[in-house]
Amino acid sequence: MEHKEYKKLNKGGRPKKETAEKLSYRIGVKMAAADYFRLLTRAHEAGVSPSEYMRECFRNGHVKERLSEEHTGYIRQLCGMANNLNQLAHKANAGDFHDARWDCKVAVARIHELLTNIGI
């Protein structure tokens, strides 16, 4: 009889996390009622769980909020405007500089207005 060597088959699924990435330690923290509700409120406002909020505070000293729907809309508009500018640059490089000049000025004015609305 022949002895067959079997290769390790990929069973699929997510790769195992490294030891440094695992969340294997649990810490119990006692808080006053006011602190606990402040934690829940701030975590809710940031759009993360209280545990993730505390981990972010520990790592960075602060927690970044998730983008609001308003800011998400602004980012979508900026992406569309960036696409328009790329099309205008392509048109200008093709030799139609006169028409593209006016369109570029309008696009830049809209981008400036949008950035002002965002607060950048």
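Quick note: structure is the one above.
Quick look at the structure, then. (Residues numbered from 1 in each chain as written. Predicted model: local features only at pLDDT ≥ 70, side-chain atom pairs only at ≥ 80, totals over all residues. Heavy atoms only, no water.)

### Structural notes on a nonpolar patch on the surface
Here comes step 1: Side chains of Ile 27, Val 29, Met 31, Tyr 36, Phe 37 and Met 54 sit close together on the surface and give an oily, nonpolar patch of about 620 Å² of accessible area.
Here comes step 2: Relative to the assigned elements, Val 29 resides in the segment before α1 (33-46). (Patch = residues over 30% accessible without salt bridge, like charges linked within 9 Å, V, L, I, M, F, W, Y side chains within 5 Å. Areas by Shrake-Rupley, 256 points an atom, 1.4 Å probe, with all protein chains shown as cover. Salt bridge = Lys/Arg side-chain N within 4 Å of Asp/Glu carboxyl O. Helix = DSSP H or I, 4+ residues; strand = E, 2+ residues; numbered from the N terminus.)

### Quick word on the nonpolar core
Here comes step 1: Tyr 74, Met 81, Ile 111, Leu 114 and Ile 118 together form the largest nonpolar core, which totals five residues.
Here comes step 2: Of all elements in the fold, only α3 (69-93) and α4 (97-118) reach the threshold of two or more residues within this core.
Here comes step 3: Residues contacting Ile 118, with those up to four places away along its chain left out, are His 71, Tyr 74 and Leu 78. (Core = buried A, V, L, I, M, F, W, Y, C linked by side-chain atoms within 4.5 Å. Buried < 20%, exposed > 50% of the residue type's maximum accessible area, 1.4 Å probe, protein only. Contact = heavy atoms within 4.5 Å.)

### Observations regarding the environment of Ala 43
Here comes step 1: Tracing the chain through its elements places Ala 43 in helix α1.
Here comes step 2: Judged by its relative accessible area of 1%, Ala 43 falls in the buried class.
Here comes step 3: The spatial distance from the C-alpha of Ala 43 to the C-alpha of Glu 69 is 17 Å, given a sequence separation of 26 residues.
Here comes step 4: In this structure Ala 43 touches Val 48, Ser 49, Pro 50 and Tyr 53, once residues within four positions along its chain are discounted.

### So, the layout of surface pockets
Here comes step 1: Space inside the largest pocket adds up to approximately 750 Å³.
Here comes step 2: Of the residues belonging to the lining of the largest pocket, the class tally is 10 nonpolar, three polar and five charged. (1 Å grid on protein atoms, 1.4 Å probe; cavity = no way out; pocket = protein on both sides within 12 Å on 5 of 7 lines; lining within 4 Å. Points joined across faces, edges and corners; volume = space filled by probe spheres on them. Nonpolar A, V, L, I, M, F, W, Y, C, P; charged D, E, K, R; others polar.)

### Re the pattern of salt bridges
Here comes step 1: The tally for this structure, following the rule as stated, stands at four salt bridges.
Here comes step 2: A salt bridge links Asp 35 to Arg 38; its shortest N-O distance comes to 3.0 Å. Of this pair, Asp 35 and Arg 38 both sit in helix α1, three residues apart, which is roughly one turn of that helix.
Here comes step 3: On the accessibility criterion, Asp 35 (36% relative accessible area) is partly exposed.
Here comes step 4: A single salt-bridge network, built from bridges that share partners, covers Glu 52, Arg 55, Glu 56 and Arg 59.

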